Amino acid sequence: MISAIQDFSLFAAIKLALLVAVSGGLVVLFKPLLLGCARAAVLVVKPKLTREQRLQRRQLATRA
């Protein structure tokens, strides 16, 4: 592991820093799209209840 650190050049460090900066910029740029995809995936796994289902659940909760 120490030999890998010793072989790390300035060019490789600059290249890594640019890669991290570009990746971060793309995440910031596409954040709304990524959040929308995440919300859609959550709805696929756990769909929202319909209005009637919510009403029935609320009525059952008040009876208990």
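Asker: Before we move on, could you go through the overall build of the chain and cite the residues and values that matter?
Answerer: Within the chain one finds four helices and zero strands. Of the regular secondary structure in the chain, the N- to C-terminal order runs α-α-α-α. By residue count, 0% of the 64 residues in the chain fall in the buried class. Accessible surface computed for the chain: about 6400 Å², of which carbon and sulfur atoms make up 71%.

Asker: Summarise the packing of helix H2 (residues 10-29) against helix H3 (residues 31-45); cite the residues concerned and give the values.
Answerer: Interhelical geometry of H2 versus H3 gives an angle of 65 degrees and a closest axis separation of 4 Å. On H3, the residues that touch Val27, Val28 and Leu29 of H2 are Lys31, Pro32 and Leu34. Taken together, the residues of the contact of H2 with H3 sort by class into five nonpolar, no polar and one charged.

Asker: Any chance you could break down a nonpolar patch on the surface for me, citing the residues and the numbers?
Answerer: A cluster of nonpolar side chains, Val22, Leu26, Val27, Leu29, Phe30, Leu33 and Leu34, forms an exposed patch at the surface whose accessible area comes to about 670 Å². Residue assignment for the nonpolar patch shows that the elements contributing at least two residues are H2 and H3. For the nonpolar patch, the leading source of residues is H2, giving four residues. Position of leucine 33 among the secondary structure elements: in helix H3.

Cut-offs used in this document
- Residues numbered from 1 in each chain as written.
- Predicted model: local features only at pLDDT ≥ 70, side-chain atom pairs only at ≥ 80, totals over all residues.
- Heavy atoms only, no water.
- Helix = DSSP H or I, 4+ residues; strand = E, 2+ residues; numbered from the N terminus.
- Buried < 20%, exposed > 50% of the residue type's maximum accessible area, 1.4 Å probe, protein only.
- Areas by Shrake-Rupley, 256 points an atom, 1.4 Å probe, with all protein chains shown as cover.
- Axes fitted to C-alpha atoms, helices over the stretch in contact; angles between N-to-C directions.
- Contact = heavy atoms within 4.5 Å.
- Nonpolar A, V, L, I, M, F, W, Y, C, P; charged D, E, K, R; others polar.
- Patch = residues over 30% accessible without salt bridge, like charges linked within 9 Å, V, L, I, M, F, W, Y side chains within 5 Å.
- Salt bridge = Lys/Arg side-chain N within 4 Å of Asp/Glu carboxyl O.

Honestly, it's all geometry; don't read function into it.
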